[in-house]
Amino acid sequence: MRLTRTASALPSTPLLAALLLAACSPQAPTPPAAPQAASAASQAQAATTPSEAETRALLQAQADRWDQAIVARRREAIAANMAEDFRQIDGEGHVEDRASFLEGLLDPKLQLDPYKVEDFDIRLYGDVALLSGRTRMTGRYDGKVFKTHYRYIDIYVKRQGAWKIVSVQISKLPPDSP
């Protein structure tokens, strides 16, 4: 969780169908105009596909909004970022599903202070993105102050055109570690 943070596309369906038909038919080779048409179709698709930089910026902004929603305890905004099959592996190795994760975050006994992420990184693999970093979190649980330091990895998957977080894993770090 964080508040601040210091693939190849397939041809469109008609083009793909035309290429498959041409490859499977016993007809003469494709005339020279076909590669130009394929190039134009690829350029048109590239114009609608976000660049890597745009995807990174979108994911960073989405993750920042999610963290802000967590600190502000906005259930709808938190849940909207999560896939239905979300799971978390916490620093103790326990696995939580979407419902238990939300329940824990929204427990009235828990209050989180705003926090900062260090060593933030985004790695893209087509429709999968790994967002990782390190944070020192403070807050109160049942009136008692706590401090925690951890590394995390958030896994986002693009489904039906939208990025959703599907998994979070946290590794606790000693308080003195950089």
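Refer to the preceding data block for the structure.
Per chain, residues are indexed from 1 in the order of the written sequence. Reporting in this predicted model follows two pLDDT cut-offs: at least 70 for local features of residues, and 80 or more for side-chain atom pairs to be given and counted; totals over whole chains, interfaces and linings ignore these cut-offs and use all residues. Only hydrogens and water are set aside; all other atoms, that is, all heavy atoms of the structure, feed into the side-chain values.

Draft legend 1. Here's a closer look at helix α5 (residues 98-105). Residue exposure (1.4 Å probe, protein chains only): buried if accessible area is under 20% of the type maximum, exposed if over 50%, otherwise partly exposed. Note on conventions: DSSP H or I runs of at least 4 residues are helices, E runs of at least 2 residues are strands, and numbering of each starts at the N terminus. Those residues of α5 lying buried are Arg98, Phe101, Leu102 and Leu105. The buried side chains of α5 occupy one side of the element, clustering within an arc of 95° when seen end-on. Exposed and facing more than 90 degrees away from the buried side of α5 are Ala99 and Glu103. Every residue pair with non-hydrogen atoms within 4.5 Å of one another is taken to be in contact. Tucked inside the fold, the buried residues of α5 contact α3 (52-72), α4 (75-80), β1 (82-89), β2 (95-97) and β3 (110-112). Sitting at the amino-terminal end of α5 is Asp97, which places a side-chain oxygen 3.2 Å from the backbone nitrogen of Ala99. Note: the arc covers the axis-to-C-beta directions of the helix. By the criterion applied in these results, polar contacts are pairs of N or O atoms within 3.5 Å in which, for protein atoms, one can donate a hydrogen and the other can accept it, and in which residues neighboring in sequence qualify only through two side-chain atoms.

Draft legend 2. Structural context of the pattern of salt bridges. Each salt bridge in this description consists of a side-chain nitrogen of Lys or Arg and a carboxyl oxygen of Asp or Glu lying within 4 Å of one another. Under the criterion given, the structure shown has eight salt bridges. Between Asp85 and Arg159 there is a salt bridge, with the nearest N and O atoms lying 3.0 Å from each other. One end of the pair, Asp85, is in strand β1; the other, Arg159, is in strand β6 (residues 144-159), and 74 residues separate them in sequence. Exposure remark for Arg159: the relative accessible area of 37% places this residue in the partly exposed category. Here Arg151 makes a salt bridge to Asp119, at a shortest N to O gap of 3.9 Å. In this pair, Arg151 is assigned in strand β6 and Asp119 in strand β4 (residues 117-125), connecting sequence segments 32 residues apart. Three or more residues are tied together by salt bridges with common partners; here these are Glu118, Asp119, Arg134 and Arg151.

Draft legend 3. Fine view of unusual backbone geometry. Residues other than glycine seldom take positive phi values, yet Arg73 does so here, at roughly 65°. Mapped onto the elements of the fold, Arg73 is located in the loop between α3 and α4. A relative accessible area of 31% means that Arg73 is categorised as partly exposed.

Draft legend 4. Up close: the pairing of β6. Strands pair, by our definition, only if DSSP identifies at least two bridges between them. The pairing of strand β5 (residues 128-141) with β6 spans 14 bridges and is classified as antiparallel. In the strand pairing of β6, Leu130 is matched with Ile155. In textbook terms, the turn of a hairpin is the stretch between consecutive antiparallel strands, and for β5 and β6 this stretch comprises two residues, one of which, Asp142, has a positive phi near 55°. Relative to strand β7 (residues 162-172), β6 is paired through ten bridges, and the arrangement is antiparallel. Across the sheet, the residue bridging to Ile155 is Ser167, located in β7. Once β6 ends, the chain turns through two residues before running back antiparallel as β7, passing Gln160 with a positive phi of about 50°.

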